[in-house]
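A look at the structure
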Amino acid sequence: MTVARVREARPVLAASATSIDADDPLAGLTVGEVPEPDVPAGWAVVDVKAAALNHHDLWTLKGTGIREDQLPMILGCDAAGLDEDGNPVIVHSVIASDGWVGDETLDPRRSLLSEVHPGTLAQRVAVPRRNLVPKPDALSFEEAACLPTAWLTAYRMLFVRSGCAPGSTILVQGASGGVATALVQLGSAAGYRMWVTGRTEAKRARALELGADAAFESGARLPERVDAVMETVGQATWSHSVKALVPGGTIVVSGATSGPSPSAELTRTFFLQLRVIGSTMGTRDELERLVRLCAVTGVRPTIDSVLPLAEAARGFARMADGELFGKIVFAV
Ligand SMILES: NC(=O)c1ccc[n+]([C@@H]2O[C@H](COP(=O)([O-])OP(=O)(O)OC[C@H]3O[C@@H](n4cnc5c(N)ncnc54)[C@H](OP(=O)(O)O)[C@@H]3O)[C@@H](O)[C@H]2O)c1
């Protein structure tokens, strides 16, 4: 029989979704004390030191991927902290179903923390023990907290799903986002020629500082076609992405921030024999390799700002307004 361990239930500070509003997502964000999450058998409790914000948290407040009857729900997919024995750990956010073997991202019943189980924007979070990855001393808790969602997604898009070898030319749509900055930094470190589009001159300049080899205005004609495009923007950039590719080129898509229904560009897609590849998060093993890559290369996540968890609303507003560059991290 599966028995949850009995712990002394303490209230924890957390940022939760308490209502859903597609037009005003921040209206449903509540920061305050909540009962400590339950700990199912086989799960561990992590004392969270740092937790990072993702666009996923805004989607939740807008009602994507969650139902009203699941609220209140503690938000957050990313955390780094200390396990019950005091070991520094990073939390892998993909929760596979009981008995699942193999690539967790292919489990049709998988979820991310904050979709079914309480998330990481809290003083403590419960996760399956196998979802803990050791944190090397070389990475701070704030840096490590950026890796499990945006950085892992970027890692899988570029190194696992694109099929492109180092030396290839890769276009990243968007310059400033969590996934976009991770793509530029990882690709640059691994020897790809990284091009980006960005909506403002300031964001394009920052992308060049991060290691991008060229930065263009959104929708600009490129000097030559690229081997692959990394897409998270969706509707606003999709046509440009299709037109940017060499014959036989690849779009890897993991998000649709500006909308999910772009012009499909079917004619060009079949005529030029393009490949459209979906990508979602990454496996625990890929997270372990990403952590090692950061430790070995010295690449570190670009952090826009570190805020106390109690001021989470400021971070959410910054993301909703599209003002950030890199990751927003909450110190817990
Ligand atoms: N499938 C997965 O597993 C997975 C994992 C992580 C993220 N995602 C998705 O990927 C997307 C990005 O996530 P994130 O956390 O990186 O978000 P973020 O930090 O808020 O970044 C938003 C990015 O979108 C770009 N952007 C937004 N609206 C745009 C528009 N109308 N036109 C052009 N560019 C636009 C921004 O580019 P500028 O620099 O030009 O402003 C920026 O690079 C989200 O939709 C998220 O849900 C999916």
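Analysis parameters
- Residues numbered from 1 in each chain as written.
- Predicted model: local features only at pLDDT ≥ 70, side-chain atom pairs only at ≥ 80, totals over all residues.
- Heavy atoms only, no water.
- Helix = DSSP H or I, 4+ residues; strand = E, 2+ residues; numbered from the N terminus.
- Expected span 1.5 Å × (residues − 1).
- Buried < 20%, exposed > 50% of the residue type's maximum accessible area, 1.4 Å probe, protein only.
- Contact = heavy atoms within 4.5 Å.
- Pairing = 2+ DSSP bridges.
- Axes fitted to C-alpha atoms, helices over the stretch in contact; angles between N-to-C directions.
- Near = heavy atom within 4 Å.
- Polar contact = N/O pair within 3.5 Å; in protein donor to acceptor, adjacent residues only side chain to side chain.
- Areas by Shrake-Rupley, 256 points an atom, 1.4 Å probe, with all protein chains shown as cover.
- Salt bridge = Lys/Arg side-chain N within 4 Å of Asp/Glu carboxyl O.
- Parallel < 35°, antiparallel > 145°, perpendicular 65-115°, else oblique.
- Phe/Tyr/Trp six-rings, centres within 6.5 Å; stacked < 30°, edge-to-face > 60°.

1. So, helix H8 (residues 284-297)
- The terminal C-alpha atoms of H8 lie 20 Å apart, and with 14 residues this matches the ideal 20 Å at 1.5 Å per residue to within 8%.
- The complete set of buried residues in H8 reads Arg284, Glu286, Leu287, Leu290, Val291, Leu293 and Cys294.
- Those residues of H8 hidden inside the fold are in contact with strand S6 (88-91), strand S10 (132-134), helix H3 (147-161) and helix H4 (178-189).
- Following H8 by one or two positions, Gly298 adopts a phi angle in the positive range, close to 85°.

2. Description of the sheet that holds strand S13 (residues 214-217)
- Overall, parallel pairing links the 6 strands, which are arranged S13-S12-S11-S14-S15-S16 in an open sheet. Edge positions in the open sheet fall to S13 and strand S16 (275-278), since each of these has one partner strand only. Averaged over all neighbouring strand pairs, the angle between strand axes comes to 20°, with direction disregarded.
- Two strands pair when backbone bridges link them, and strand S12 (residues 193-198) and S13 are joined in this way by 4 bridges, in the parallel orientation.

3. Thoughts on the site of the ligand
- The immediate surroundings of the ligand are formed by 27 residues, with His55, Trp59, Ser176, Lys203 and Ser254 found nearest.
- Between an oxygen atom of the ligand and a side-chain N or O atom of Arg199, the distance comes to 2.9 Å.
- About the coverage of the ligand: the protein hides 87% of its 920 Å² of free accessible area.
- Broken down by secondary-structure element, the contributors of at least two residues to the shell around the ligand are helix H1 (55-62), H3 and H4.
- A per-element tally of the shell around the ligand places H4 first, with 3 residues.

4. Let's talk about the pattern of salt bridges
- Per the counting criterion, the structure on display carries 16 salt bridges.
- One salt bridge in this structure joins Arg10 and Glu36, with 3.9 Å as the shortest N-O distance. Note that Arg10 is positioned in the segment before strand S1 (11-17) and Glu36 in the loop between strand S2 (29-35) and strand S3 (43-52), a separation of 26 residues in sequence.
- A network of salt bridges, in which partner residues are shared, links Arg10, Glu36, Asp47 and Arg124.

5. Side note on the packing of H3 against H8
- Axis separation between H3 and H8 bottoms out at 10 Å; the angle between their running directions is 95°. The angle between the axes of H3 and H8 places the two elements in the roughly perpendicular class. Contacts between H3 and H8 involve Leu147, Pro148, Trp151, Leu152, Tyr155, Arg156, Phe159 and Val160 from the former and Glu286, Leu287, Arg289, Leu290, Val291, Leu293 and Cys294 from the latter.

6. Structural notes on the packing of aromatic side chains
- By the definition in use, this model includes 4 aromatic pairs.
- Between Tyr155 and Phe159, the aromatic rings sit 5.0 Å apart at their centres with planes inclined by 80°, giving edge-to-face as the arrangement. Here Phe159 and Tyr155 lie together in helix H3, a separation of 4 residues that amounts to about one turn.
- Of the residues examined, Phe159 reaches a relative accessible area of 26% and is grouped as partly exposed.

7. A look at unusual backbone geometry
- Cis geometry is found at the peptide bond from Leu71 to Pro72, where omega equals -5°.
- Positioned with a positive phi, Glu265 is a non-glycine residue whose angle comes to about 55°.
- Here Glu265 lies in the loop between strand S15 (245-253) and helix H7 (266-271).
- According to the relative accessible area criterion, Glu265 is buried, its value standing at 17%.

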